[in-house]
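A closer look at the structure
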Amino acid sequence: MMLTNRSKQVVQKELTLAEQLYFPAILKGMLITLSHIFRKTPTVRYPEQKREIAPVYRGQHVLKRDEAGAERCTACGLCAVACPAEAITMEAGERKKGEEGLYREEKYAAVYEINMLRCIFCGLCEEACPKEAIFLTDRIVPSSFTRGEEIFGKDKLVEPADQRVDVSKRQTKAVLDFKQDKRHYHNQTHSDRLLSR
Ligand code: SF4
Ligand code: SF4
């Protein structure tokens, strides 16, 4: 039984004289090739030439520092839980006395890694983060020759204190309002949940 009427029966028809010569077909092919030579090429010669991208393009992540330069990430793990590609791993460390300037809260990410080969740049880690610690940026992840180089650790992810990465374009009012909305479970702190019981 046929489910659609799109199928065509193959017939082995006799070739005409022109088809047997192949010359018209070759000529037609060459004309198509020639017509492409004079068209504007869509190829972008990256990296010398860069294509314009959206201000909210989702590229290489950044782990942000606060105004005083302390790392914002508290290794809560919400980004890793939200990540559909299981690309994020981390190990928590406990802040020692005298490290207040390095880490914002008592707990911090001693190890934080993103496997860029697994990442699908969905941005869910950014949405899940309650500490405004992780953002995707408009930076394109550089290619490499080995898989190991695509595991980005804190050395590549944490922004240098003297070279901050601007993520203000991503923090639109709608985004900030969404992050404050306590109706969403991931925006609730532990005390919010205790109060709502
Ligand atoms: S952008 Fe998406 S896939 Fe990539 S690390 Fe974040 S949550 Fe995972
Ligand atoms: S959700 Fe934010 S604070 Fe928590 S581990 Fe991820 S980046 Fe750090």
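First, a word on what this report is: a plain description of the structure on this page. This structure is a prediction, so every number in the text was calculated from the model and none was measured.

Of regular secondary structure, the protein possesses 7 helices and 5 strands. Going from N to C terminus, the protein has its helices and strands arranged as α-α-β-α-β-β-α-β-β-α-α-α. Counting only C-alpha atoms, the protein reaches 90 × 50 × 35 Å along its principal axes. Of all 197 residues assigned to the protein, the portion counted as buried reaches 16%.

What follows deals with the site of ligand 1. By nearness alone, 14 residues border ligand 1, and C83, A85, C119, C122 and C125 come closest of all. Classifying every residue of the shell around ligand 1 by side-chain character gives 13 nonpolar, 1 polar and no charged.

Not every one of the 14 residues close to ligand 2 is listed here, only the nearest: C73, C76, C79, C129 and I134. Class assignment of the residues belonging to the shell around ligand 2 gives a composition of 11 nonpolar, 2 polar and 1 charged.

Quick look at the pairing of strand β3 (residues 107-115) now. With 7 bridges joining them, strand β2 (residues 88-94) and β3 adopt antiparallel strand pairing. Bridge pairing in β3 links E94 to K107. Bridging between β3 and strand β5 (residues 151-152) involves 2 bridges; their strand directions are antiparallel. The residue of β5 that forms the bridge with I114 is F152.

On to the environment of R118, then. With respect to the helices and strands, the residue R118 is situated in the loop between β3 and α4 (124-128). Separated by 32 residues in the primary sequence, R118 and E150 place their C-alpha atoms 9.3 Å from one another.

Here is what the cut-offs are and how they apply
Residues numbered from 1 in each chain as written. Chains lettered and ligands numbered in written order. Predicted model: local features only at pLDDT ≥ 70, side-chain atom pairs only at ≥ 80, totals over all residues. Helix = DSSP H or I, 4+ residues; strand = E, 2+ residues; numbered from the N terminus. Buried ≥ 20, exposed ≤ 12 C-beta atoms within 10 Å, placed from the backbone. Near = placed C-beta within 6 Å. Nonpolar A, V, L, I, M, F, W, Y, C, P; charged D, E, K, R; others polar. Pairing = 2+ DSSP bridges.

Remember, this is a structural readout, not a statement about activity or role.
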